[in-house]
Amino acid sequence: MGFETCGPNEVMVVSGCCHSGSTFIPGGRVFVWPVIQKLQKLSLNTMTLQIESPNVYTQLGVAVSVTGIAQVKIQGSSKEMLESACELFLGKTNHDIERVALETLEGHQRAIMGNMTVEEIYKDRKKFSKAVFEVASSDLVNMGICVVSYTLKDIRDDKEPYSVGNTSTESHGYLKYLGMAQTATVKRDARMGEAEARMEAGIREANAEEKRLAARYSTDIDIAKSQRDFELKKAAYDMEIQTKKAQSDLAYDLQAAKTKQAIKEEDMQVKVIERTQQIQLQEQEITRRERELEATVRKPADAEKYRLEKIAEANRTRVILEAEAEAESIKVKGEAEAFAVEAKAKAEAEQMAKKADAWKDYQDAAMVDMILETLPKIAAEISAPLCQTSKITMVSSGKGDVGAAKLSGEVLTLMEKMPHVVENLTGINITKNIKAATRR
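Worth saying up front: this structure is predicted, and the values here are computed from it rather than measured.

1. What about the overall build of the protein?
- Scanning the protein from terminus to terminus reveals eight helices and ten strands.
- For the protein, the proportion of its 440 residues judged to be buried stands at 20%.
- Counting only contacts in the protein whose residues sit at least 6 apart along the sequence, the fraction spanning at least 24 positions is 63%.
- When the accessible surface of the protein is totalled, it reaches about 31,600 Å², and 55% of it is carbon and sulfur.

2. Points about helix H2 (residues 94-114)
- Look at H2: 30 Å from first C-alpha to last across 21 residues, which is about the 30 Å you get at 1.5 Å a residue.
- All of the buried residues in H2 are Ile97, Ala101, Thr104, Leu105, Glu106, His108, Gln109, Ile112 and Met113.

3. Regarding helix H4 (residues 125-140)
- Counted at 1.5 Å a residue, the expected span for H4 with its 16 residues is 22 Å, and the 22 Å between its end C-alpha atoms agrees.
- Where H4 is buried, its residues touch strand S7 (63-74), H2, helix H3 (118-123) and strand S8 (145-156).

4. Digging into the pattern of salt bridges
- Within the structure shown, the criterion is met by 13 salt bridges.
- Among the salt bridges present, the one from glutamate 52 reaches arginine 156, with a minimum N-O distance of 3.7 Å. Of this pair, glutamate 52 sits in strand S6 (residues 47-57) while arginine 156 sits in strand S8, and the two are 104 residues apart along the sequence.
- Since its relative accessible area comes to 33%, glutamate 52 is described here as partly exposed.
- Classification of arginine 156 as partly exposed rests on a relative accessible area of 27%.
- Here glutamate 292 makes a salt bridge to arginine 288, at a shortest N to O gap of 3.2 Å. Here glutamate 292 and its partner arginine 288 are both found in helix H5 (residues 174-358), four residues apart, which amounts to about one turn of the helix.
- Shared partners join several salt bridges into a network, and the residues in it are Glu285, Arg288, Arg289 and Glu292.

5. Considerations on the packing of H2 against H4
- Where H2 contacts H4, the two axes come as close as 9 Å, and the packing angle between them is 135°. By the angle between their directions, the pair H2 and H4 is classed as oblique. Crossing of H2 against H4: the hand is right-handed. Along its contact with H2, which presents Ala101, Thr104, Leu105, His108, Gln109, Ile112 and Met113, the element H4 presents Phe128, Ala131, Val132, Val135, Ala136, Asp139 and Leu140.
- Taken together, the residues of the contact of H2 with H4 break down into ten nonpolar, three polar and one charged.

6. A word on the nonpolar core
- Ranked by size, the top nonpolar core spans 36 residues in total, and within it Val72, Leu105, Phe128 and Ile145 carry the most contacts.
- Looking at this core, the elements that each hand over two or more residues are strand S2 (10-16), S6, S7, helix H1 (79-89), H2, H3, H4 and S8.
- Sequence-distant contacts of phenylalanine 128, that is, excluding residues within four places in its chain, are made with Val66, Gln109, Ile112, Met113, Met116, Ile121, Tyr150 and Leu152.

7. A word on the side chain of threonine 117
- By the secondary structure assignment, threonine 117 is in the loop between H2 and H3.
- Looking at threonine 117, the relative accessible area reads 13%, which means it is buried.
- Setting aside its immediate chain neighbours within four residues, threonine 117 contacts Thr58, Gln59 and Leu60.

8. Focus on the sheet that holds S6
- Reading across the sheet, the three strands line up as S6-S7-S8 and stay open at both edges, with antiparallel pairing between neighbours. Of all strands in the sheet, those with a lone pairing partner are S6 and S8, marking the two edges. With strand direction ignored, the average angle separating the axes of adjacent strands in the sheet is 20°.
- Pairing analysis gives nine bridges linking S6 to S7, with the strands arranged antiparallel. Within S7, the residue paired with methionine 47 across the bridge is valine 72.
- Running at roughly 145° to S8, H4 makes contact with S7 and S8 of the sheet.

Conventions we followed
Residues numbered from 1 in each chain as written. Predicted model: local features only at pLDDT ≥ 70, side-chain atom pairs only at ≥ 80, totals over all residues. Heavy atoms only, no water. Helix = DSSP H or I, 4+ residues; strand = E, 2+ residues; numbered from the N terminus. Buried < 20%, exposed > 50% of the residue type's maximum accessible area, 1.4 Å probe, protein only. Contact = heavy atoms within 4.5 Å. Areas by Shrake-Rupley, 256 points an atom, 1.4 Å probe, with all protein chains shown as cover. Expected span 1.5 Å × (residues − 1). Salt bridge = Lys/Arg side-chain N within 4 Å of Asp/Glu carboxyl O. Axes fitted to C-alpha atoms, helices over the stretch in contact; angles between N-to-C directions. Parallel < 35°, antiparallel > 145°, perpendicular 65-115°, else oblique. Left-handed = near helix turned anticlockwise from the far one by under 90°. Nonpolar A, V, L, I, M, F, W, Y, C, P; charged D, E, K, R; others polar. Core = buried A, V, L, I, M, F, W, Y, C linked by side-chain atoms within 4.5 Å. Pairing = 2+ DSSP bridges.

Everything listed here is a matter of geometry and, on its own, says nothing about what the molecule does.
Here it is in structure tokens:
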């Protein structure tokens, strides 16, 4: 057992076990079991057949010989035609297949010749070839053979004797005489054409000579007219040219003057542009120097000024904060001393109240007298912290008193608050009692 292969120009036919019928493999491979299966090959190559049909009588009884060339092959693309070809030719050689196809084509070729005249076969070979191809194809297709092409190679009427069966006859030269008649007709037509051509040539030559002379005279007249017109137009053209030349010279001078003026204007424009560019360069240089000055002098100066301002502001803030701290200290001390004085006064007031019980006869006057005696002591106690101060730093906002006036004002402010303190402590309005005592 093994694989069998074939090329695209062959077909393998496998029959035997495992196949209900023959299997056809055109150009490929197949696995074949020896003994129980059988493999046969059939060629699909094109076969060239030369079909000779000698001395065949045509429709009008004229015998001619025809040679045709046909290309045939077993059709492998159709399964039905392949089955038919295998039934008829499987196991036979290519020579056997060619012989069958040749005999079939030769018979059809003779049949077509018998149904056509010599003139039809000779003059319309394409019609003859098409007829043989169609009839042979319909017959060979049943054998699985395809007619690829058919061409009429030669048609002749032999000059040599030929035999039909046991009878010998001679060629009648039909094609030759047919050609001779055609040749005679052509020659006759040629001679007639030549004579007519010569006659027409003479007539045309005479007409041409007449026309040539007429054309010559007409041409001479036209030449004289053209010469006259040329001279007249030339004179007019010369005058126009001279005029145009003079105008051109003047226009040239004018244009030259305009061009010079334009050149001068362009030069002035160039100078203006150059001057403008110089001014721009100077302005850019000034800008550059200003930026350089600002970068090297002004900005450092501004930075130094800003630094000094910040230092001064810091010093001023420091001084203000120190002054506020010291003032706050003085204020706290004053409030503490005032609280002490208030406490002392309260104690004395209680004592005086007790005395007042004993001194009811003095009534308010006695109390006022006692208060007036006590006030200097209170003022001395209030001003005592100031006497112990060695240094006072005062910061003014520009409003109010400054210096000693400010200090005395603080003391007087405290003294002014004393009657209210006494009134809050004792319930006695000192101011009112003093006024009452004065009226008495």
